[in-house]
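# Chains, contacts and geometry: an overview
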Amino acid sequence: MKKTILVAAVGLITLAYQAQIFDAIRFGNAESEKAHNFTGEESAVVQGAYNTTGRKLLKPETESWQSAPMRFRLKVDPAAKNYITVKFWGGDVTHDHLVMFIDNKQMGYMHLGDYDILDYEQCEPRDAPHASNPNPQYAGRFTCTTFVLPEVATKGKSEIDVAVRATGKIWGYGNNFGQFQKNVSQDSRGIYAVYIHSDPYFRPGTEVAVEPPTPRSDIPEIDLDAVKARIERELAKCLKSDPARDPWRLPLVAEAYHVPWCSAYRNPKVVEYVTAAIDALARRFVKEPEKVVTKGSWTGCGEQATALILLEDALKPVLDEEIDNGAGKTVKRRDLWCDLFEASTFQLVRDRRWLANQSQIVDNNGHRNNRAVHILDDSRGVPLEVTLKFMKEALGILPWSNGINPDLSNADPKNTPGKNYYELTKKFHSKEWGFVSNCGESTIWTSADCYEATIDRRIGKGDPEIFRTMEQAALARTIFRYPGVTVDNHPVMRLEVYIDWRNAHFPGEPSYVGKGLDLRTIYYTGNEKLLGCFKEMLADGYFQENVAASLRPGKRPDFIGLLHLPERYMEIVKKLGRVNSGMPMRGEDFVFTDEEIGVVALRNGSDVFFAELFWRARRGINNLAKIHMVTPTAEHIATIHQEQEFIPSGKFSTEPDRVVYDFRPNRFNYPGGYYRQLRAGTRIPQAEHADDQTCIGKAEFYRCSYGPYEIAMNATRRNQSYRFPVPAGNYRILPDGPTVEGGTVLEVKPGTTVVLYKQAK
C-alpha cells in the first residue's frame, strides 16, 4: 500500500503561522479576477493539480523577447511592511523568465540584483546526462516565491497596479541586447495566485498530500569494458588527428601514457603526437605571439604544459634536437618551447583574477606553465615558489596578492579585493559577496587540479596544504545539497542554488560530491564522509547514469574521468562496505553556519533550510535575507526583511534607474518605458569595510526571522558580543540545545550564530 505524506501530519512546522492577508487574486477564477480588474488577453487559463486553476502567458505570435502582460490591482497596507507571494506548481518546466512590475516599474533585476525578477528558467540543468528527461523544480508539489515589497512601492498607498510579463532567458555575459536577452521560447509556466500579506513566512494552500519518493528500479550497471572500449576509440582518434588542433586532447593522451590497460601506455606515438603539437604552437607563437598568448587568458598554454609535465622523462631525448622555429631559424626545441611557456607564464601571473573560481583556474595554469618552463630551463620563468604561492592564495591558504610583472614587481595594484583577503573562508567556502553555488562547485575540481599540479611522480604525492584544502572544501560543499525528486518521483540530491549570489542555474542539478565522473577527491583522500556521499549517489543511480551518458554519442564527455574510471571506481567501491551513507541533508539534525559569508544551512526533522543573510549586498546595507526552505510537501523561496547592525562609514550609494545590475560597466538599458527600476533613487548606507570592497554591505550582527526559525548571527570583524532578546514563545536552540523562553537574553559571541526553533506550548 502506497503511503502519502501530509504536511500537517509530518512537517515540523506545525504551529499556526497565519500571516495577515491584505489581498489575493486567484487566477482562472472569474470572480477573483473581476474583483481585481484583471486584464490579460494574451494569457490562457490552465487547470492545475488538486483542482486549482491558474494562468499562463502565451508565447508571442511573432518572435519577441517579451510577452504581452497580465495586469491586476491588489490592496496593500500603506503603513506596514508588505510581502508579495506568488504560487507556482513545482512540476512545471520552463526555459523562460517572468518579470513583475509595480505601478509600471520593474521590481528586481534581470541579473545578480538583491531583488531577483519573479522567476527564472526552471528546466533541466545544462550539463545533466539525462537532459532529455525534464528536470522540474519540485515535481508533485507547490512552490512559493516571496518578496518583501520595497517601501517606495507601498508607502502611503492603499492599492498597487501589478503586471507580469514573460521574457526569454538571458546570457549574463552578453555585450549587447541581442546577446544578453533571448526571445520567448514557449508559453510561460502556470501562475496560480498572488497574495499580499504581512509576514515573510506564508503557506497559501500548499498543504497537499504527496507520495514519498520511490527509489529507482532502472539503475544502469557500470560496464567497465564499454568504458575501456570508448577510451580506446578516442585515443586512436586522437593519435590520427592533426596535433596542431584540439589541444584538449594533449592531457588525455599524456595521462593515458601512464595507464597500463590502454594502448597508449608507453606508446612512442603519444610522445610524437605531443611533440608535434607543442612544436606547432611554438612556431605559431614566433609568428603571431599576441594571438597565441592573449591578454586576460585564464589558461594560457596550460594543456600543452600539462602534457609536457606528464611526459617529462619521455620527452627528454627530443628536447635538445635542433629544429626550424617556423621563421627560417634553426634553434634547439628546448629553447623554442621555453619561449612559449615563459611568455604564457608571464601573462598568467600578470593577469591574475581575484574571484575565487577564476583565481583557482588562472593560478593553477600559471603554475603548470611555470613548471614547464623550469623543466626546459631552470633559470627562466619566475621562481616556482611564487606560482605555488599563487595557487595557495587562490585556495585560501594564504592571503591574496596582486599579479606580478616578469621582474616580480606589482602588475596592477588596483586589481584586489582588499588587504589580507582570503579566497576561502575558514570553513572552506568561497568568500566573495556571500555563498557561491555553481561557481563555488569549481573549488572541488580546481583544488584537485592544483593538487595534481604539485604531484611529484617519484613519490606519488603533492603539496600537503593543498591536499587538506581539496579534502575540506569537498566536505564543505556536501552540506549544500538538498533532497528533491525527479519528474518520475525518484529521490535525488540537488545543488543548493537559490541563495547563490552569482550565476545560478535553476533548479539545482543533481549533485553529491563532485561533478560528473570526477572521482579524484574521493580517490586521493579516501575520506569516509565523502565515500558515504558517493555511496548515496550510487544508491540514487546518478553516477551510473553519468557513466552511461558518457558512452552515448553526443556532447564530448570527461575523457580523463573515463580513462581513470576502471581503476579509481573499483578502488573506491572496495571501501564502501565500511562506511555509512552520508549526505548531510539526509542524516541527523544539524546546523551549519559560516559567519564570514553570512550563510546558514540546517536540517531539522523534515525541514531543510538555507539562509543567506549577507544577501547580494554589493552596494551597501540592504536589510535583506534570502531563504530557501524545502519540506517533503512544498518549497519556499523568499527575499525578506531582516534587522542588521553595522558600522556606518558615513557613505551612501544610490540605486540607479536600470533593470540589469551593473555586472559590467558597459551594461545597456532595456527598451520600453516600463522597464524602469522600482527602487531607483533609494539611498543605501555603506558599512565601514576596512579596505575590503566585499564588505561595504556586510553587517556586524544579523537578526532574521522566518516562520518558526529565529536566527541571530554575529559576523563582527571586531571582538564584540551582541545581546539577542528571545521573542515571545517557547523555543529550542538547534540542533539539540536546551529550551529557552521568550524574554530571555542570549549572548551571541563573535563568529557564532544562534538558531532557535519555536515549539508548541
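Refer to the preceding data block for the structure.
Residues numbered from 1 in each chain as written. Predicted model: local features only at pLDDT ≥ 70, side-chain atom pairs only at ≥ 80, totals over all residues. Heavy atoms only, no water.

## A word on the nonpolar core
Within soluble globular proteins, side chains that are nonpolar tend to cluster in buried spots. In this structure, Trp337, Phe341, Phe534, Phe543 and Tyr670 are the most contacted members of the largest nonpolar core, which totals 110 residues. With sequence-adjacent residues up to four places away left out, phenylalanine 543 is seen in contact with Ile222, Gly516, Leu517, Leu519, Phe534, Met537, Leu538, Leu565 and Tyr569. Membership of the second largest hydrophobic core comes to 67 residues, among which are Tyr115, Tyr421, Phe614 and Tyr706. (Core = buried A, V, L, I, M, F, W, Y, C linked by side-chain atoms within 4.5 Å. Buried < 20%, exposed > 50% of the residue type's maximum accessible area, 1.4 Å probe, protein only. Contact = heavy atoms within 4.5 Å.)

## A few points about the packing of helix H5 (residues 224–240) against helix H18 (residues 542–551)
Orientation of H5 relative to H18, taken along the N-to-C sense of each, is 40°, at an axis distance of 10 Å. Crossing hand, H5 versus H18: left-handed. Of the residues in H18, those touching H5 at Ala226, Val227 and Arg230 are Val547, Ser550 and Leu551. Looking at side-chain class alone, the contact of H5 with H18 contains four nonpolar, one polar and one charged residues. (Axes fitted to C-alpha atoms, helices over the stretch in contact; angles between N-to-C directions. Helix = DSSP H or I, 4+ residues; strand = E, 2+ residues; numbered from the N terminus. Left-handed = near helix turned anticlockwise from the far one by under 90°. Nonpolar A, V, L, I, M, F, W, Y, C, P; charged D, E, K, R; others polar.)

## Here's the deal with the packing of aromatic side chains
Two aromatic rings, taken as a pair, are described by how far apart their centres are and by the angle between their planes. Evaluated as defined, the whole model comprises 35 aromatic pairs. Between tryptophan 433 and tryptophan 501 the ring centres are 5.2 Å apart and the planes differ by 75°, which places this aromatic pair in the edge-to-face class. In this pair, tryptophan 433 sits in the loop between helix H13 (384–394) and helix H14 (442–453) while tryptophan 501 sits in the loop between strand S16 (491–495) and helix H16 (520–525), placing the two residues 68 residues apart along the sequence. The exposure class of tryptophan 501 is buried, given its relative accessible area of 2%. Measuring from centroid to centroid gives 6.4 Å for phenylalanine 609 and tyrosine 706, while their planes differ by 45°, and the two rings are tilted. Taken together, the residues phenylalanine 609 in strand S19 (residues 607–612) and tyrosine 706 in strand S25 (residues 701–706) connect sequence positions 97 residues apart. Among the aromatic residues, those joined into a ring-pair cluster are Trp65, Phe101, Phe177, Tyr670 and Tyr675. Above the ring of tyrosine 421, the side-chain terminus of lysine 431 is found at 5.2 Å from the ring centroid. Here the basic side chain of arginine 556 rests over the ring of tryptophan 248, its NZ or CZ set 4.1 Å away from the ring centre. (Phe/Tyr/Trp six-rings, centres within 6.5 Å; stacked < 30°, edge-to-face > 60°. Lys NZ or Arg CZ within 6 Å of the ring centre and 35° of its normal.)

## Examining the environment of proline 557
Inspection of the secondary structure assignment puts proline 557 in the loop between H18 and helix H19 (559–576). The class for proline 557 is buried, based on a relative accessible area of 13%. With eleven residues separating them along the chain, proline 557 and asparagine 546 place their C-alpha atoms 9.4 Å apart. Residue contacts for proline 557: discarding those within four places in its chain leaves Arg230, Ser550 and Leu562.

## Some points on the pairing of strand S28 (residues 730–733)
Pairing of S28 with strand S29 (residues 739–741) involves three bridges; the strand directions are antiparallel. In the sheet register, arginine 732 faces S29, and the bridge partner there is threonine 739. Here S28 folds back onto S29, and the loop between the two strands holds five residues. In terms of strand pairing, S28 meets strand S31 (residues 753–759) through four bridges, oriented antiparallel. Looking across to S31, one finds that arginine 732 is bridged to tyrosine 757. (Pairing = 2+ DSSP bridges.)

## A few points about the environment of lysine 228
Among the secondary structure elements, lysine 228 is positioned in helix H5. Residue class for lysine 228 comes out partly exposed when judged on its relative accessible area of 29%. Taking the C-alpha atoms as reference points, lysine 228 and tryptophan 261, 33 residues apart in sequence, are found 8.4 Å from one another. With near-sequence residues (within four places) excluded, lysine 228 lies in contact with Trp261 and Pro566.

## Quick look at the sheet that holds strand S10 (residues 159–167)
If you walk across this open sheet you meet the four strands as S5-S10-S7-S8, and the pairing is antiparallel. Each end of this open sheet is capped by a strand with a single partner; those strands are strand S5 (70–75) and strand S8 (105–107). Strand-to-strand twist in this sheet, taken as the mean axis angle between neighbours without regard to direction, amounts to 35°.

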